[in-house]
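# Per-entry structural report
The residues making up each chain are set out below.
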Amino acid sequence: MTTDTGRLSTPVMLDVNNISVAYGAITAVKGLTLNVREGEIVTLIGSNGAGKSTTLRTISGLLKPKSGEISFKGEIISGTPGHEIVAKGICQSPEGRRIFSRMTVEENLEMGAFLRNDHAEIKADMDRVLELFPRLQERIHQKAGTMSGGEQQMLAVGRALMGQPKLLILDEPSMGLAPVLVDLIFETIEKIRSQGTTILLVEQNALAALRIADYAYVLESGNLKLEGPAKELANDQAIVNAYLGG
Amino acid sequence: MSDVILEDSGVPVHLAATNNRKWAIGFTLSVIIIFAFYQYVYTSLPGEVQNFFRAWLPLTSLGEAMIFVLMALGLNIVVGYAGLLDLGYVAFWALGGYVAGWLMSGFFDSKTINFGGHPPVGLPNGIHINFWLVLIIGGMFTAVWGVIIGAPTLRLKSDYLALVTLGFGEIIPQFFVNGENVGGLNLTNGTQGITPIDDITVFGHAFGVFDLQWKFLIYSALAGLMIILSLRLRDGRLGRAWLAIREDELAASMMGVPLMRTKLSSYAVGATAGGVGGVAFATLINGVFAERFNFAISIIILAMVVLGGMGNVWGVMIGAVILSWINSTGLVQFGNVVNGALGTNINFPSFNFLIFGLLLVMMMLFRREGFIPEARTRVIMHETTDHQGAH
C-alpha cells in the first residue's frame, strides 16, 4: 500500500495549510503545513516549546490560526468552535491526561460519548474500549482521580475513543509513564489504527513514536524542520542526533 | 483500601437512590409535622410553651429558611454543579423581589389591573397578578437577567468571574435603592420600598400576613420542587456537562461540551431560583426593601452552599436551614440568653459576620468538603488520609 514516500495512497483526511498561531505577540507556530491521510499514524515530534501542543489545540478549535487554514475531509474547520469539531469526528486525548477526577471511570467514558445518542452503539464502543484496556474494566466504578498515572492515561485515550473519532489526536500519551506502560500504550495505539482509526500522535519520546508511525513531521521553535517517512527518519543517525535526542 | 473505594463509589446509582428517598421522606415529614404543629397543636398549648416556640422557632424564620433552601440550591447549581464562583447572587433575589413589588401591589396606582390577584379590600388600584403567575414571571425575568449578566462575564476565568459577579451584585441593589426617579418614573420607591404585597391565593383561599403556617407550607413546596429539579438536573445530560466543566473546562470542551451555552444555562437556572425566591420572600415579609439586598446576603447564601457541602443537594439544604435560622433567630435568642444570665449587654446579631467568617475559615481548615459532602468529593479529598472514616 505504501508508496516510496512512506505514505498511504488514501485520500487526505486532515490538511493543515500554512498556519501561523500566536499567543498575543508571541508566535508559537509559523507557516506550518502538514497533512494526515486516512488510515495513517502520523507523528509530530519536537522538543519542548516547539509548537506541537499549539498545533493540536488549533486543529481542535481551541485556538484560532492567525493565518492559513485547516480542512478536514475537504471542509474548512479553522475558526469552527471546539465542540463542533468534536462532532465532525476529531477527538483529542489532551496532554497531561486531564481526566475528570471526581467522576468514575465509567462516567469519564460516558463523557467521551457526550455528543452521541446511539445508546446501543455507545455500549458496544464502551466494551471495545474496555477490551483494549482491561485494566479500566477492573476500575470501572472507581473515581478516576484515585487511579495511577498509567491508568489515567489509558482512560484519557479510551475517553477520546468513545467519541467515535475519524481522527484521533493523542498529545504526549507516554508522558510520565513507566517504560513498561509506554510500550503498552504504543502497542494499543497500533491496535487502534488497525481497527480503522486514523491517528495524529504528538510525542517527545520521538524514537518510540517513529517506530509505530508511517510519516513524521519534526518541529523546531514553531517551524517545520523536516518531514519524511518515519522509518527513514529513525534510521538516519544524523537526524536522530540533531533533532530527536537519540 | 480499594475495597472501601468500591464500596463507596460502586453501584452509585442504586445507593444514591435509596439515600435520596430517605432524605426526601425526612424533609416531607419535617414539613408536615411543623405545619400540623402550628395549625392544630400550638394554639392549645400553655402560654409559656407558646412563648418558647415563638421565640426560638417562629414561623417567619421557618418560612425564610425554606426560601433560603430554594435560593441556596439555585446558587448550588452555579457554584456546586458547574464550579463557577458567583459572589453577586443577591442581585437575582432583588430582581425577583421587585417583580413581586411591581406586579403584586398597589405601587403603580395609576393603573388598575387584576389578573387572578388578591388586592387588599377597598384598594383595587395597582397591578395585582396571581402569585403563582408572578412566580413564573419572576423566574423568567431573572433567567433573562442571568443570561444578560452571564454572557459577557462567563468568558472570564475563575477569579475574574468572581470579581465581575461581585460588581453586579452591588450595582443591581444600588439601582433599586436609587430607582425612585428613573427618567421621571418612580420604579422602586427608593429606600422606602414597596409594601404591602398581595396575599397568596390557592384555590380561592387567600393567605395573608397572619397565615404563616400556610405560607410555610407553600414555601416548603417550592423548596421541594427545587430539590427535585436539582436532583433530576444533576443526573441528566446537562448535569454531566456542568460537572465536566467543573472538573476540567478544557477537557470538557474536547468532549464536545459547548462551554458558553452550558455555563450560561447553569447561570440561568441559578438565577431563576433566585428570582422565584425573591418573589416568595416579598410575600413573606409583605414588602420589598432595597436595603435588605446587600452584599452580605450573597455571602450568607454562598456560606450555606459551602458549609452544607458543595454539589450535594441535601447538604446544601441542611446548610441553608441552619444558617438561615442562626441569622434570623438563633443569634438573637442566644444573645438574649447570654445577656440575661450574665447581666451583659452584648449585641449578638451584630457579630454574625464574625461568626459566619469564622465558620467558613474553620470549615476550610477542617472539613473542606462540607457537612454532608457530595459522594464524588468525599473519596477524592480523603483518598490518602482517612478512608475508613468516610462512609
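A few points on the structure. (Residues numbered from 1 in each chain as written. Chains lettered and ligands numbered in written order. Predicted model: local features only at pLDDT ≥ 70, side-chain atom pairs only at ≥ 80, totals over all residues. Heavy atoms only, no water.)

## Quick notes on a nonpolar patch on the surface
Residue and element names in this part refer to chain B. On the surface, Ile346, Phe351, Leu354, Leu358, Val361, Met362, Leu365 and Phe366 cluster together to form a nonpolar patch covering roughly 820 Å² of accessible area. Looking at where Phe366 falls in the secondary structure, it is placed in helix H14 (residues 352-366). You can call Phe366 exposed: its relative accessible area is 66%. (Patch = residues over 30% accessible without salt bridge, like charges linked within 9 Å, V, L, I, M, F, W, Y side chains within 5 Å. Areas by Shrake-Rupley, 256 points an atom, 1.4 Å probe, with all protein chains shown as cover. Salt bridge = Lys/Arg side-chain N within 4 Å of Asp/Glu carboxyl O. Helix = DSSP H or I, 4+ residues; strand = E, 2+ residues; numbered from the N terminus. Buried < 20%, exposed > 50% of the residue type's maximum accessible area, 1.4 Å probe, protein only.)

## Here's the deal with the packing of aromatic side chains
Residues and elements named next belong to chain B. Evaluation of the coordinates by the stated rule reveals 27 aromatic pairs over all chains. Seen from their ring centres, Phe92 and Tyr267 are 6.1 Å apart, and the 90° between their planes marks the pair as edge-to-face. In this pair, Phe92 is assigned in helix H5 (residues 90-103) and Tyr267 in helix H11 (residues 259-285), connecting sequence segments 175 residues apart. Exposure remark for Tyr267: the relative accessible area of 2% places this residue in the buried category. (Phe/Tyr/Trp six-rings, centres within 6.5 Å; stacked < 30°, edge-to-face > 60°.)

## Thoughts on the pairing of strand E7 (residues 167-171) of chain A
Residue and element names in this part refer to chain A. Burial analysis of E7 places 5 of its 5 residues in the buried class, the great majority of the element. Residues of E7 alternate between two faces, with Leu167, Ile169 and Asp171 on one and Leu168 and Leu170 on the opposite face, all of them buried. When strand E6 (residues 90-93) meets E7, the two strands line up parallel, connected through 4 bridges. In the strand pairing of E7, Ser93 is matched with Leu170. Across 5 bridges, the pairing between E7 and strand E8 (residues 198-203) is parallel. Across the sheet, Asp171 pairs through a bridge with Val202, a residue of E8. Of the crossover connections in this fold, the one passing from E7 over helix H7 (residues 179-194) to the parallel E8 is right-handed. (Pairing = 2+ DSSP bridges. Right-handed = clockwise from strand over helix to strand, strands pointing away.)

## Side note on the interface of chain A and chain B
In this complex, chain A contributes 25 residues to the contact, which on the side of chain B involves 30 residues. Between chain A and chain B the total buried area reaches about 2800 Å² when both faces are included, carbon and sulfur atoms providing 64% of it. At the boundary of chain A with chain B, the tally comes to 4 salt bridges. Between B:Glu247 and A:Arg102 there is a salt bridge; the shortest N-O distance is 2.9 Å. (Contact = heavy atoms within 4.5 Å. Buried area = accessible area lost by both parts, 1.4 Å probe.)

## Points about the sheet that holds E7(A)
Residues and elements named next belong to chain A. The strand order across the open sheet formed by 6 strands is E6-E7-E8-E3-E9-E10, and the pairing between neighbours is mixed. Of all strands in the sheet, those with a lone pairing partner are E6 and strand E10 (223-229), marking the two edges. Geometrically, the sheet is characterised by an average inter-axis angle of 15° between neighbouring strands, direction not taken into account. Sitting on the sheet, H7 touches strand E3 (41-45), E7 and E8, and the angle it makes with E8 is about 155°. (Axes fitted to C-alpha atoms, helices over the stretch in contact; angles between N-to-C directions.)

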